[in-house]
Amino acid sequence: MHIGYIGLGKMGFAQVERLLEYGHKVVAWNRSEGPRREAEKIGAEVLETFADVCVRLKTPRLIWLMVPHAVVDEVLKELVPHLQKGDTVIDGGNSFYKHSMRRAKTLAKKGISFLDVGTSGGPYGARHGACLMIGGEKKIYEKYEKLFRDLALLDGYAYMGKAGAGHFVKMVHNGIEYGMMQALGEGFEVMKRSKFKLPLRRIANLYTRGSVIESKLVGWLAKAYKEKGESLQGISGEVAHSGEGLWTVETAKELRVPVKIIEDSLKFRVKSKGNPSYTGQVVSALRNQFGGHNVKKD
């Protein structure tokens, strides 16, 4: 396929590498110069403006956005005047599902299709096969299914339903992620504080060998211990949150569903500012492992 790609951050650049590897032609744009040069080195065509990207693409155009949720509307405002009826825009970032529903309706009035794609797996998954949750018109999903198949792990993509459904499922995924990470942090702090002088690194490795809680998260914690030691040297005990956990809690309240574990894990992150802890270090270390987030101590 001939695809326009907007946004060459950690996730975006990794996806472009994978697209090129699978034989797709990529016309890319990025605000900063460094990733632009790197993308050119691996075979992407990088252009100066959204208008240039749209002129270069074959019609009907397909454009994938991989930008922070806060700037999606800004990008669309500049991009859409250069699109036409029959084109498709895909938002592969972590946008709020209600915003995706609104954007789909707005673009539909112009004859432009919109798919919202929740993308899980971090930069490693983006490069080696992600988990994709896709919302929008089913016929448009089917039209571009090969693209999703190439970007995902084997059987790692699925159609979720109408516009907004993909980002809704990813939002809940991230809320669940908050709770799972919190449980690991709390559990390992309990073990660290015990009188047994427990070998935490060995325990993390052991938990990845057939235990009920075996998971990628436990594997990433074992990797963090290997790299940083059991004290998690240099890792902040203050934990940032990027919005999806809050969205999950707010949506759950609208639906009158109690989500105590997710809500408490969100509160922990908010309260951790100025109150670092070992639990916070574990959660921060996990965020660094799967997402490449900066979690160094100030």
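Since the model is a prediction, treat every value here as computed from it, not as a measurement.

Basis of the calculations
- Here the residue index of a chain counts from 1 through its sequence in written order.
- Local features are withheld for residues below a pLDDT of 70 in this predicted model, meaning they are given only at 70 or higher, and side-chain atom pairs are given and counted only at 80 or more; totals for whole chains, interfaces and linings count all residues.
- Just so you know, side-chain values use all the structure's heavy atoms and leave hydrogens and water out.
- With a 1 Å grid spanning the protein atoms alone, the term cavity applies to any set of points in which a 1.4 Å probe fits but cannot get out, the term pocket to an open set with protein on both sides within 12 Å along at least five of seven lines, and the term lining residue to any residue with an atom within 4 Å of a point.
- Grid points are joined across faces, edges and corners, and a volume is the space filled by probe spheres set on the points.
- Starting at the N terminus, helices and strands are each numbered in turn, a helix being any DSSP run of H or I of at least four residues and a strand any DSSP run of E of at least two.
- Basically, the charged four are Asp, Glu, Lys and Arg, the nonpolar ten are Ala, Val, Leu, Ile, Met, Phe, Trp, Tyr, Cys and Pro, and anything else, Gly included, counts as polar.
- Exposure classes here rest on a 1.4 Å probe applied to the protein chains alone. A residue is buried below 20% of its type maximum, exposed above 50%, and partly exposed in between.
- With strands facing away from the observer, any crossover in which the path from the first strand over the helix to the second runs clockwise is taken as right-handed.
- If DSSP finds at least two bridges between two strands, the strands pair.
- By definition, residues are in contact when any of their heavy atoms lie within 4.5 Å.
- Between N-to-C directions, angles span 0 to 180 degrees; the directions come from axes that are lines fitted to C-alpha atoms, helices contributing only their stretch in contact.
- For a helix, the expected span equals 1.5 Å multiplied by the number of residues minus one.
- Geometry of aromatic contacts follows a simple scheme: Phe, Tyr and Trp rings, the Trp one being its six-membered ring, pair when their centres are within 6.5 Å, and the pair is stacked under 30 degrees between planes, edge-to-face over 60, tilted otherwise.
- Two thresholds decide whether a charge sits over a ring: the Lys NZ or Arg CZ must be within 6 Å of the ring centre and within 35 degrees of the ring normal.

Undergrad: How do you make sense of the layout of surface pockets when you look at a structure like this?
TA: Once rolled over the atoms, a probe with the size of a water molecule shows which space is left empty. Approximately 1200 Å³ is the volume attributed to the largest pocket. Along its surface, the largest pocket is lined by 49 residues, and Met11, Asn94, Thr119, Lys170 and His293 are the ones closest to its centre. Secondary-structure elements contributing two or more residues to the lining of the largest pocket are helix H1 (10-21), strand S6 (113-120), helix H6 (122-128), strand S7 (130-136), helix H9 (165-193), helix H11 (216-228) and helix H14 (278-291). No other element matches H9, which puts 8 residues into the lining of the largest pocket. Classifying every residue of the lining of the largest pocket gives 19 nonpolar, 22 polar and 8 charged.

Undergrad: So what exactly am I meant to see when it comes to the pairing of strand S2 (residues 25-29) here?
TA: A regular strand places its side chains on the two faces of the sheet in alternate fashion. Of all 5 residues in S2, 4 are buried, a share of seventy percent or more. Taken together, strand S1 (residues 2-6), H1 and S2 form a β-α-β motif whose crossover is right-handed. Sheet topology places S2 next to strand S3 (residues 45-46); 2 bridges connect them, and they run parallel. Across the sheet, Ala28 pairs through a bridge with Val46, a residue of S3.

Undergrad: Help me out: how do you make sense of empty space enclosed by the protein in this one?
TA: Taken as a whole, this structure holds 1 cavity of 30 Å³ or more when the rule is applied. Computed from the structure, the largest cavity encloses a volume of approximately 30 Å³. Along its surface, the largest cavity is lined by Asn94, Ser95, His167, Lys170, Met171, Glu244 and Trp247. Sorting the residues of the lining of the largest cavity by element identifies H9 and helix H12 (244-254) as the ones contributing at least two each. With 3 residues, H9 is the single largest residue contributor to the lining of the largest cavity. Counted by class, the lining of the largest cavity contains 2 nonpolar, 3 polar and 2 charged residues.

Undergrad: Teacher, can you tell me more about unusual backbone geometry here?
TA: Apart from glycine, the bulk of residues carry a negative phi angle, and the bulk of peptide bonds sit in the trans form. A cis amide bond links Thr59 to the next residue, Pro60, at an omega of -5°. With respect to the helices, strands and loops of the structure, Pro60 is situated in the loop between helix H3 (50-56) and strand S4 (62-65). Non-glycine residue Lys197 carries a positive phi angle of around 50°. As for its position among the elements, Lys197 is in the loop between H9 and helix H10 (200-207). Relative accessible area serves as the criterion here: at 80%, Lys197 is assigned to the exposed category.

Undergrad: Looking at this model, I keep getting lost on the sheet that holds S1. Mind explaining?
TA: The strand order across the open sheet formed by 8 strands is S3-S2-S1-S4-S5-S6-S7-S8, and the pairing between neighbours is mixed. Every other strand in the sheet has two partners, leaving S3 and strand S8 (152-161) as the edge strands with one partner each. As paired strands, strand S5 (residues 88-91) and S6 are joined by 4 bridges and run parallel to one another. Bridging from a neighbouring strand, Val89 pairs with Phe114 of S6. Contacts from helix H4 (residues 72-79) reach S1, S4 and S5 within the one sheet, and its direction differs from that of S4 by about 155°.

Undergrad: Hey, could you run me through the pairing of S5 in this one?
TA: Residues Thr88 and Ile90 of S5 are buried on one face, and the alternating residues Val89 and Asp91, pointing to the opposite face, are buried as well. Where S4 lies against S5, 4 bridges are found, and the strand directions are parallel. Bridged to Leu62 within S5 is Thr88. Following the backbone out of S4, through H4 and into the adjacent parallel S5, one traces a crossover that is right-handed. Crossover connection from S5 via helix H5 (residues 97-108) to parallel S6: handedness right-handed.

Undergrad: Would you mind showing me how to read H14 here?
TA: Since the α-helix packs 3.6 residues into each turn, any two residues three or four apart lie on the same face. Here H14 contains 14 residues, and its C-alpha end-to-end distance of 20 Å stays within 8% of the 20 Å for a straight helix at 1.5 Å per residue. In terms of burial, H14 is largely enclosed, as 13 of its 14 residues are buried. Immediately downstream of H14, the backbone of Gly292 shows phi near 70°, a positive value.

Undergrad: Explain the packing of aromatic side chains here, please?
TA: Two aromatic rings, taken as a pair, are described by how far apart their centres are and by the angle between their planes. Under the definition given, this model contains 11 aromatic pairs. Each ring, one from Trp220 and one from Phe290, has its centre 5.6 Å from the other, and the planes form 45°; the classification is tilted. Of this pair, Trp220 sits in helix H11 while Phe290 sits in helix H14, and the two are 70 residues apart along the sequence. Aromatic ring contacts, followed pair by pair, group Tyr5, Trp64, Tyr141, Phe148 and Tyr159 into a single cluster. Between Lys192 and the ring centre of Tyr278, over which it is positioned, the NZ or CZ distance is 5.0 Å. Directly above the aromatic system of Tyr178 lies the positively charged group of Arg269, at a separation of 3.7 Å from the ring centroid.

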